[in-house]
Amino acid sequence: QVQLVESGGGLVQAGDSLRLSCAASGRTFSSYAMGWFRQAPGKDREFVATISWNGGTTYYADSVKGRFTISRDNAKNTVNLQMNSLKPEDTAVYYCAAPRGRGTYYYRPQNYDYWGQGTQVTVSS
């Protein structure tokens, strides 16, 4: 069974940075793409970023492009999300996710079968 555990959330001010990490276990981490999603109160879960199995391909939501960077360390079975120039509208619970398939990457939540418990990110103005 795949297990995902996020860490690194917190309360910051607009313009600050945060780095989220996700530790994965339960299968060969390096064989699969990974993704980050977020969900704000009263809103649907939305795609943030995804990365291919070897880190060579990344894809971002337009709302975070140029501010967020997804990366992975296959030796440590971790995927990270560096978030810079944070805005109040980035406030949400952030989830790490792993897909069942072995495609290059996925940006639809229905392509992901495994989810972490989430970590809260709050950005004050």
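See the structure above.
Residues numbered from 1 in each chain as written. Predicted model: local features only at pLDDT ≥ 70, side-chain atom pairs only at ≥ 80, totals over all residues. Heavy atoms only, no water.

### What to know about the overall build of the protein
The condition is simple: Every helix listed is a DSSP run of H or I at least four residues long, and every strand listed is a run of E at least two residues long, numbered separately from the N terminus. With the radius of gyration taken over C-alpha atoms, the globule rule is written as 2.2 Å times the number of residues to the power 0.38. Between buried and exposed lies partly exposed: a residue is buried under 20% and exposed over 50% of the maximum accessible area for its type, with that area taken using a 1.4 Å probe on protein chains only. Here, residues are in contact when the closest pair of their heavy atoms is within 4.5 Å. Counting rule applied: Lys, Arg positive; Asp, Glu negative; His and chain ends not counted. The atoms used to mark charge sites are NZ of Lys, CZ of Arg, CG of Asp and CD of Glu.
A count of helical and extended segments in the protein gives 0 helices and 11 strands. Going from the N terminus to the C terminus, the protein shows its helices and strands as β-β-β-β-β-β-β-β-β-β-β. Radius of gyration (C-alpha) of the protein: 13 Å, near the 14 Å computed for a compact globule of 125 residues. A principal-axis box enclosing the C-alpha atoms of the protein has dimensions of 40 × 25 × 25 Å. With 125 residues in all, the protein has 42% of them scored as buried. When contacts within the protein are restricted to residue pairs at least 6 apart in sequence, long-range pairs at least 24 apart make up 59% of them. Of the side chains in the protein, 13 bear a positive and 9 a negative charge, and the two mean positions are spaced by 6 Å.

### What about unusual backbone geometry?
The backbone of Asn-77 sits at a positive phi, close to 55°, despite the residue not being glycine. Position of Asn-77 relative to the elements: it lies in the loop between β7 (68-73) and β8 (78-83). The phi dihedral of Ser-85 falls on the positive side, at around 50°, and the residue is not glycine. By the element assignment, Ser-85 lies in the loop between β8 and β9 (92-99).

### A few points about the pairing of β7
What counts here: Whether two strands pair comes down to DSSP finding at least two bridges between them.
Judged by which residues are buried, β7 turns out to be one-sided: Phe-68, Ile-70 and Arg-72 face inward and are buried, whereas Thr-69, Ser-71 and Asp-73, on the alternate face, are not. With 6 bridges joining them, β7 and β8 adopt antiparallel strand pairing. For Ser-71, the partnering residue across the bridge sits in β8 and is Asn-80.

### Looking at the sheet that holds strand β3 (residues 18-25)
Going by this rule: Note on method: axes are straight lines fitted to C-alpha atoms, helices fitted across the in-contact stretch only, with angles between N-to-C directions ranging 0 to 180 degrees.
Ordered by their spatial adjacency, 4 strands build an open sheet running β1-β3-β8-β7, and the pairing between neighbours is antiparallel. The open sheet is flanked by β1 (3-7) and β7, the only strands paired with a single partner. Direction aside, neighbouring strands of the sheet carry axes that sit 15° apart on average. Bridge analysis of β3 against β8 gives 6 bridges, and the strand direction is antiparallel. Each bridged residue has a counterpart across the sheet, and for Leu-18 the counterpart in β8 is Met-83.

### Notes on the nonpolar core
The following threshold applies: Put simply, buried Ala, Val, Leu, Ile, Met, Phe, Trp, Tyr and Cys residues joined by side-chain atoms within 4.5 Å make one nonpolar core.
With 35 residues, the main nonpolar core has Leu-4, Met-34, Trp-36, Val-79, Leu-81, Met-83 and Tyr-94 as its most contacted residues. Of all elements in the fold, only β3, β4 (34-39), β5 (46-51), β7, β8, β9, β10 (112-115) and β11 (119-124) reach the threshold of two or more residues within this core.

### Considerations on the pattern of salt bridges
How we decide: When a carboxyl oxygen of Asp or Glu is within 4 Å of a side-chain nitrogen of Lys or Arg, the pair counts as a salt bridge.
In the structure shown here, the tally under the stated rule is 5 salt bridges. Between Asp-113 and Arg-100 there is a salt bridge; the shortest N-O distance is 3.3 Å. On the criterion of sequence distance, the pair formed by Asp-113 in strand β10 and Arg-100 in the loop between β9 and β10 is long-range, its members being 13 residues apart. You can call Asp-113 partly exposed: its relative accessible area is 37%. Owing to a relative accessible area of 55%, Arg-100 belongs among the exposed residues under this scheme.

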